Every structure is written in structure tokens, then in C-alpha cells.
Amino acid sequence: MCTRSSKTGTWASITASSDRSPGWARGSNTEDPMKQQVKAVINATLASLKASGAITFDAIPTYSVEVPKNPEHGDWSCNVAMVMSKATGKKSPELADLIVKSLVDPGAIITSIEKAGPGFLNLRLKDSVFQGVAREVLKAGQHFGRQQPKSTGKKVMVEFVSANPTGPVHIGHARGAFMGDAISRLLDAAGHDVTREFYINDSGKQVETLGRTVFKRYQQLFGATVELAEGEYPAEYVIDIAKTWKAEVGDSMLQKTEAEWLPKAIEVGIRENLKAIRSTLAMANISHDTFFSEKSLHDAGKVTSIVDVYKARGVTYEAAEGKRREKGDKVRSEESKAAKYADKQLGGTFLMTATYQENEKYLLKDEEDRVILRHDGTPVYLTADLAYHKEKYDRGYDLMVDVFGADHAGHVPRIQSGMTLLGLDQKKLQFVLVQIVRITRNGEEVKVSKRKGTLFELAELIEEAGADVCRFIFLMKTANAQFDFDLDAVHKQSKDNPVFYFQYGHARCASILKKAIEKGVTFVGPDALTEAQLARLVLPEEKMMLKKMSQLGEVVQSAADKLEPHHVLYFCQELIGDFHSYYTKYKSDPIVSEDKDKTQGRLALVSALKQTLQCAFGILGISAPEHMEAPPEEE
RNA sequence: GCUCCGUUAGCUCAGCUGGAUAGAGCGUUGGACUACGAAUCCAAAGGCCGGAGGUUCGAAUCCUCCACGGAGCGCCA
């Protein structure tokens, strides 16, 4: 994931050089419109100072215009004087003074500018600039905060969930599922053309084991006594699959040879599991555009052909066992799994994911070279995955995001190395690693174990807590932090459950608009709204909310760049908090009053807020209810 | 042993492409409904931002080292 590029270390130091900005996501200018107006004034002033010879500089460096934490510091504050100190050879306070004195403000939007602290510029803007935001939001409607669909021209793929088709979606997939979906929604809102893909591991030993288990359960349905082998799937759902199969084929499979029944059993197993997986994801409000079959890669010969490509590029070798890179000489501990399975490591064809060098420098970050063909010539999981990722590149995506569980972290450098060894741009492939979630109930951890048949399914979780609550809890934290999911708190209709705070904010807006209509006042809408009505929005709290609303587009863009949905969520929290506070503070000066112009102005504000929240919730995939039932009374 | 992730208020977590006095929710304490929804609000208390160095006008944020917690380290997928 790009924000951790320097720390995860994949490669920032090699291919991305010092460019920390993920550049790929930036389309058109999505800066907050208010901020843009401020920057225009600053830039004009600097140009004017340069023209008059007061200061000299080559180019204006990147500087920031931000909302100061302390409202006494104005509506916006700007650090340009400090940033340009070196370029102009002037001290920050001196430069700040010059800017204040010679301000060029053609649109007359600035009401005050002053130097503060070590050289900050604190600016205040005309009320009309704030008020205009309400109309802009309402005119944009459901598109507010979003870029025009596909406006960036970037093709993006997000691969997520990709649960094995050997069983239901369980709690271990939940975080990645919601995260991947929210990232997809974010990228879509940021104007990209997003494809959501599910990679089906329908090849290899696991599905074979599934097939065997299905067949045993099938035999059982005809009275046979069966015993499941180590690793086979004991859970109930396999019996259901066997029943379905029986209904379809009767007893016709009983007399077949294994070569005949096994492919059929695998097929029905995968089909039924995928059906269940899709149905669970639908409950979670998640859908994929494409399901990509690993088996199809094998069938099309793409797995063997990628090995040929590597061989042709001279980045493979044959060896009896793994070859580690020399430097550091990392020795594995005796307890490592590699040591444990050493007797099964018989050598084969290796890909130089670690030892490949250019100009006598190691180029890749993997710890050791990886087998891509076993000694008997069969490909491994990685080989298929390399073929799969090459396939993604071939399909022409500008950005590919893989949402992986943290247990796949070790897989990341291998794929990256593999792509680099094909000469592909690794920056186009980003990884989001979602850390482990510990599920607790009654203070005790609920273990996730597919093998024992005691898995806690995502479907159960959603039934218990509701889709919005689950989604919210998974999205409110960054992907790379572990956390405990408390099943007890989750279904409390109370303050322990923060999603209600958000939804109540929206419902309250809806309720006010409804109440106004009951009182015979209907909001006139953005087109009929007059300047005189808007001009009644003068309270500092009102301006603050308008200012914040205008930032949604920027927040969305930035969150999309970082692949971090939680920024949008915190944006909502602040806005809702401001609103509740405002609402309570001015209870004696209500939104709907006898003063018709003021009422219209405030209804515009509330409508704009409701619209903003609805848009933001939509980008997160959380519903925006018009009405909520009161919670049960506390005892 | 090696790699990666984390460490911020009593608890759960934001803030990290460096900015002014470090934030939110929960919990605690004390207040606010004859008014548009009290699933709300207001106030108080609560912090050597894990530790130590470094970089500079300025560090929770960037760099180095250390400590603690977690995950991974298979020719499984």
C-alpha cells in the first residue's frame, strides 16, 4: 500500500526514488474550491512582488493552505512565507509582511490578512464565499464530492476477498472484504474506472480435497460409513453440497471411477461454495464485476508460458534447493516451517526473486529465490499467481490494488519481484495488507478455524450486527492496525456503537426538513434560493460547517490516493459533531422560524449538509436513513 | 535468527508527503429536554505521543538505534 511504501520497504528506494506521492490517482484539480481561491490570491501577490522587484525567486514551491486548529487564526492559514524563506533569501516574518502589505486580491474575497507566529499568514474570507458553498453542494446533488465518472481516464482494478471456494466467507475475510469494497467505491468516486475482481483458487490440492469430501458425504447419503481424512472439510455445508449433488445426479456417481467422479465433485463443490460466497457478499452490500478463475490460467497454458518467459529472460536456474542471497546470510531457525518441510523440498526451477542483480546491485527485495516449477515440473501457487498478475497488466490497468490479509504479507515481495523481472512497472501494483482481527465474545477470543468446522461466518456476523455496523467498525480503523472485534458491543443499540451517531446526524437533517414542511415551509431549492436568503448564514458555526463541506472532494481524493477509506469516515464525524453542537446551541433560535429568509438560508444549510453526508456515506457504502427508531430505554 | 506491522488520554483509536496550545468516541464526574429527534449537547478531569539520539526556524510526524506487542518466514494455497 502506497502510504507505507518507505516502511514496508518494498521498493520506494529503488524505483520510486524520492517521489512519495502516488501520482497515479491525481486527475483533474480536486482541491477545495475555497482553498483554490485563497491560493490564487497568494500566487498573484507573489507574482506581483516579483514583478516589482521586491523579491526574487525561480518558482513558487509547494505550500499549504490549511484550516487552522485555532479559530482565532482565521478561516485559513498559509505557510508560504516560511516555505519560501530560502528561495527568496528573506526571513519568513519579513516575507509575510511584504505579502500582507502588497496583497493582490482581484475578486475582493479576503477581508483580512495578518502575519502570525513564525510567519504564518492568517486569512479571513467574505461571508459570501462560505454561503456559496451551500448552493454548490445542492446543485451538485448526489455527485457532490465525486469526480465525473471515469474522468481521470485511469483503469483501476481492485482484487479483494478472493476467498478459497472451499467454504463460506468467514470472519477472517471480513475486513478485507469491506476494505476492498470501500476502496473500490472511493476510487470510483475519485473518477477512476474501477473493476472489482475476485480471484478464484479453483485449482490445486485444496479444491481436490473439497471434491473428495463432497464425494464422501455423497456416499454417506446412500448409507455408506465414511471417515474424513486429515485436512478434509468436516463442516455442515459440505453435506448440503452433497445433498444438492444427489438431487442432481441421483446415485449415478456411486459406480464411477475416481477419475470420473472427482472432477464432477470438485465442480459442484466450487459452484455451490461460490454461490454461497456471493450471497454472503450481497448481504454485506458487496459485489464484484469479475470472477477470475485460476484454473482458466492453467487451461489456457498461461502458467507454463510464463515460466518460458522467465527462462527466456535469463532470470531462472535449476537447483536442488533454494538459493539464498549472500549478504547477511539469513539463517532460518530450526523451528521454521521451511525446515519442517525440508524433506519435501526437492528442487526444481527457481526464479531469481532475490538474487537478480543489475550493475552488481541487488534489485529485488525478496528474501530468497523462489521455486516456480517443482522437480517434477509442476507449477506452484506462486507460479499461477505470477501468471495472474501478468494477466492483469496485460489487460491494461493503470493501477492494480490487491487487498490481502496480513498472513499473505510474505507473498507481496515475490509478486513484485516477479513483475519487475518481467520488466513491468511495479508502481502500478499496490498492496493493501489488512491486519489480523481478533474476534471476541464474552471477553474470550472466538477462534476462526475452517478445519474444525467451527468457523464463524461473515453471514452470521451480519445477521447478528447488521451490515452497516460491521462495515463501519471495519472501516473506522486503518488497515494496518490490528484490533479486536467485540461481538458483545456490536449489537448494542447504544453509544458503544458509533455508526448510530453518524446515521442519526443524517436522520436529524431529514427530520428537520420534514418538520419544516409540516409547518408549511418548503425549502425553495438551490435555483430559487436568493442571495438575501443565503446571506443570513452568518453564524460562525454555520460558516464552519460550510467550509468543511466544501472539503469533501479533497478528502475523497486524498483518501483514494492513500487507499484509506477511514479519512472519509472521520470527515463525517467532524461534520456531524459540528451540526449537533450547532443545533443544540441555537435551539432558542431555531432553523425553522418566522423569519422567512433566515429559514430558507438555514434550510439550504441543512439540505446541503444532508446531501454531503449522503454522498460521503455512499462512498463508504453505509446507508443514510431518513428516520431511525429510538433506542430502547436504558435500565 | 530475519522481514513486516503496531506502540498517542483509564479503554478503543484518529492525526504521520514536518507547522501555532496533540484530537475524537467510550468510560468517570457535574450540568442541559413545555421548542426542529436527548441515539444529542455543554463542562471538568485525564498525555514526557514506548525510550534514546539525530536532521531544522519547528518533530507525534522524517532518519538511526533500542524496548515491548503482533504477524509472517513451505516445493500449502
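Here the residue numbers are simple positions, counted from 1 along each chain's written sequence. Numbering of ligands from 1 and lettering of chains from A proceed in the order in which they are written. A pLDDT threshold of at least 70 governs which residues receive local features in this predicted model, and a stricter bar of 80 or more applies before side-chain atom pairs are shown or counted, although totals over entire chains, interfaces and linings include all residues. Side-chain figures throughout are based on the complete set of non-hydrogen atoms in the structure, without hydrogens or water.

### Points about the overall build of chain A
Next up, step 1: Put simply, DSSP H or I for four residues or longer makes a helix, DSSP E for two residues or longer makes a strand, and each gets a number counted from the N terminus. A tally of helices and strands in chain A yields 24 helices and 17 strands.
Next up, step 2: The buried share among the 635 residues of chain A stands at 51%.
Next up, step 3: Whether two residues touch is decided by their heavy atoms; if any such pair falls within 4.5 Å, the residues are in contact. Across chain A, contacts joining residues at least 24 apart in sequence account for 76% of those joining residues at least 6 apart.
Next up, step 4: For chain A, the accessible area works out to roughly 29,900 Å², and carbon and sulfur atoms hold 49% of it. Relative accessible area decides the class of each residue, using a 1.4 Å probe on protein chains only: under 20% of the type maximum gives buried, over 50% gives exposed, and in between gives partly exposed. Only the protein chains shown count as cover for residues, and the accessible areas themselves come from Shrake-Rupley with a 1.4 Å probe.

### Observations concerning the protein's contact with RNA strand B
Next up, step 1: Surveying the vicinity of RNA strand B reveals 77 residues, the closest of which are Phe120, Gly347, Tyr504, Arg508 and Glu629.
Next up, step 2: Close to the protein, within 4 Å, the atoms of RNA strand B are drawn from sugar and phosphate at a rate of 60%.
Next up, step 3: In the analysis that follows, any N or O atom pair within 3.5 Å is treated as a polar contact, provided that within protein one partner can donate a hydrogen and the other can accept it, and provided that, for residues neighboring in sequence, both atoms belong to side chains. In this structure, Ser581 approaches RNA strand B through a side-chain N or O atom, which is 2.7 Å from a phosphate oxygen.
Next up, step 4: Those elements that place two or more of their residues in the surface near RNA strand B are helix H1 (5-8), strand E4 (120-125), helix H8 (205-221), helix H13 (337-340), strand E12 (370-374), strand E17 (483-486), helix H19 (499-518) and helix H23 (566-585).
Next up, step 5: Here the surface near RNA strand B is built from residues that sort into 29 nonpolar, 27 polar and 21 charged. We define proximity as follows: a residue is near a molecule or strand when any one of its heavy atoms falls within 4 Å of that partner. Three classes are used, and their members are as follows: Ala, Val, Leu, Ile, Met, Phe, Trp, Tyr, Cys and Pro are nonpolar, Asp, Glu, Lys and Arg are charged, and the others, Gly among them, are polar.

### Examining the packing of aromatic side chains
Next up, step 1: Ring pairs shown here join Phe, Tyr and Trp side chains whose ring centres sit within 6.5 Å, with only the six-membered ring taken for Trp; geometry is labelled stacked below 30 degrees between planes, edge-to-face above 60, and tilted in between. Under the criterion given, the structure shown has 17 aromatic pairs.
Next up, step 2: Plain terms: the ring middles of Phe178 and Phe474 are 5.7 Å apart, the flat faces sit at 20° to each other, and that makes the pair stacked. Separated by 296 residues along the polypeptide, Phe178 in helix H7 (residues 171-189) and Phe474 in helix H17 (residues 467-475) bring together distant segments of the chain. As far as burial versus exposure is concerned, Phe178 and Phe474 are alike and both buried.
Next up, step 3: With a centroid separation of 6.4 Å and 70° between ring planes, the pair formed by Phe215 and Trp245 is classed as edge-to-face. One end of the pair, Phe215, is in helix H8; the other, Trp245, is in helix H9 (residues 236-249), with 30 residues separating them in the sequence. When sorted by exposure, Phe215 lands in the same class as Trp245, which is buried.
Next up, step 4: A connected cluster of aromatic rings, assembled from ring pairs, spans Phe215, Tyr218, Phe222, Trp245 and Trp261.
Next up, step 5: Remark: a charge is flagged as sitting over a ring if the NZ atom of Lys or the CZ atom of Arg is within 6 Å of the ring centre and within 35 degrees of the ring normal. The positively charged end of Lys50 is found above the aromatic ring belonging to Phe57, 4.8 Å away from the centroid.

### Here's the deal with the environment of Ile183
Next up, step 1: The residue Ile183 is located in helix H7 in this model.
Next up, step 2: By relative accessible area, Ile183 is classed as buried at 1%.
Next up, step 3: Separated by eleven residues in the primary sequence, Ile183 and Val194 place their C-alpha atoms 9.9 Å from one another.
Next up, step 4: In contact with Ile183, other than residues within four places in its own chain, are Val158, Val432, Leu563 and Pro565.

### A few points about H23
Next up, step 1: A helix is expected to reach a length of 1.5 Å times the quantity of its residues less one. With 20 residues, H23 extends 29 Å from end C-alpha to end C-alpha; this agrees with the ideal 28 Å at 1.5 Å per step.
Next up, step 2: Among all positions in H23, only His566, Val568, Leu569, Phe571, Cys572, Leu575, Ile576, Asp578, Phe579, His580 and Tyr582 are buried.
Next up, step 3: In this structure, the buried side of H23 is in contact with H7, H17, H19, helix H21 (540-549), helix H22 (552-562) and helix H24 (596-620).

### Notes on the environment of Thr209
Next up, step 1: As for its placement among the helices and strands, Thr209 is situated in helix H8.
Next up, step 2: Judged by its relative accessible area of 22%, Thr209 falls in the partly exposed class.
Next up, step 3: When the C-alpha positions of Thr209 and Glu230 are compared, they lie 9.9 Å apart, and in sequence the two are 21 residues distant.
Next up, step 4: Residues within four places of Thr209 in sequence aside, it is in contact with Gly231, Glu232 and Tyr233.

### Observations regarding the sheet that holds strand E9 (residues 348-351)
Next up, step 1: Strand pairing is assigned whenever DSSP detects at least two bridges linking the two strands. The three strands lie next to each other as E8-E9-E12, forming an open sheet whose pairing is antiparallel. Each of the sheet's edge strands pairs with one partner strand only, and the pair in question is strand E8 (316-319) and E12. Each neighbouring strand pair of the sheet contributes to a mean axis angle of 35°, computed without reference to strand direction.
Next up, step 2: Across four bridges, the pairing between E8 and E9 is antiparallel. The residue bridging Thr316 from the neighbouring strand is Leu351, located in E9. Whenever a helix is involved, its axis is fitted only over the stretch in contact; in every case the axis is a line through C-alpha atoms, and angles between N-to-C directions fall within 0 to 180 degrees.

### Side note on the side chain of Arg508
Next up, step 1: Within the secondary structure, Arg508 is located in helix H19.
Next up, step 2: Asp and Glu count as negative and Lys and Arg as positive, but His and the ends of the chain are not part of the count. A pairing counts as a salt bridge when a side-chain nitrogen of Lys or Arg comes within 4 Å of a carboxyl oxygen of Asp or Glu. For the buried Arg508, no salt bridge exists, and the shortest N-O distance to an oppositely charged side chain is 12 Å, to Asp578.
Next up, step 3: Aside from chain neighbours lying at most four places away, what touches Arg508 is Phe579, His580 and Tyr583.

### Structural notes on the sheet that holds strand E2 (residues 76-78)
Next up, step 1: One open sheet holds the four strands; their spatial order is E1-E2-E4-E3, and the pairing between them is antiparallel. In the strand order of this sheet, the two ends are held by strand E1 (65-66) and strand E3 (110-116), each with one partner.
Next up, step 2: Here E1 pairs with E2 via two bridges, running antiparallel. Within E2, the position partnered with Val65 by the bridge is Cys78.

### Brief notes about the confidence of the model for chain A
Next up, step 1: Confidence of the prediction at every residue is given by pLDDT, a number between 0 and 100. Confidence along chain A averages 86 in pLDDT terms, with 89% of residues attaining 70 or more.
Next up, step 2: The low-confidence segment residues 1-28, where pLDDT is below 50, has 56 contacts with residues more than four positions distant or belonging to other chains.

### Details of the pairing of strand E5 (residues 155-159)
Next up, step 1: Of all five residues in E5, four are buried; the element is thus mostly enclosed.
Next up, step 2: Across five bridges, E5 lies against strand E6 (residues 193-200) in parallel orientation. Within the sheet, the bridge partner assigned to Lys155 lies in E6 and is Asp193.
Next up, step 3: After leaving E5, the chain enters H7 and then returns to the sheet as E6, a path that is right-handed.
Next up, step 4: Sheet analysis places E5 next to strand E13 (residues 399-405), joined by four bridges and oriented parallel. If you follow Glu159 over to E13, its bridge partner there is Asp402. If you view a crossover with the strands going away from you and the path from the first strand over the helix to the second runs clockwise, you call it right-handed.

### Digging into the packing of H19 against H23
Next up, step 1: Orientation of H19 relative to H23, taken along the N-to-C sense of each, is 50°, at an axis distance of 9 Å. When the axis of H19 is compared with that of H23, the two are oblique. In the crossing of H19 with H23, the sense of the turn from one axis to the other is left-handed. Each of Tyr501, Phe502, Tyr504, Gly505, Arg508, Cys509 and Ile512 in H19 lies in contact with H23, whose residues at this interface are Leu569, Cys572, Gln573, Ile576, Gly577, Phe579, His580 and Tyr583.
Next up, step 2: Residue composition of the contact of H19 with H23, grouped by class: ten nonpolar, four polar and one charged. Oblique is the label for every angle not falling under 35 degrees (roughly parallel), over 145 degrees (roughly antiparallel), or within 65 to 115 degrees (roughly perpendicular). Handedness of a crossing is defined here by the sense of rotation of the near helix relative to the far one, left-handed for an anticlockwise turn of less than a right angle and right-handed for a clockwise turn.

### Observations concerning unusual backbone geometry
Trans peptide bonds make up most of the peptide bonds, and negative phi angles are found at most residues other than glycine.
Next up, step 1: Within the chain, Asn285 stands out as a residue other than glycine whose phi angle is a positive 70°.
Next up, step 2: Along the chain, Asn285 falls in the loop between helix H10 (258-283) and strand E7 (290-293).

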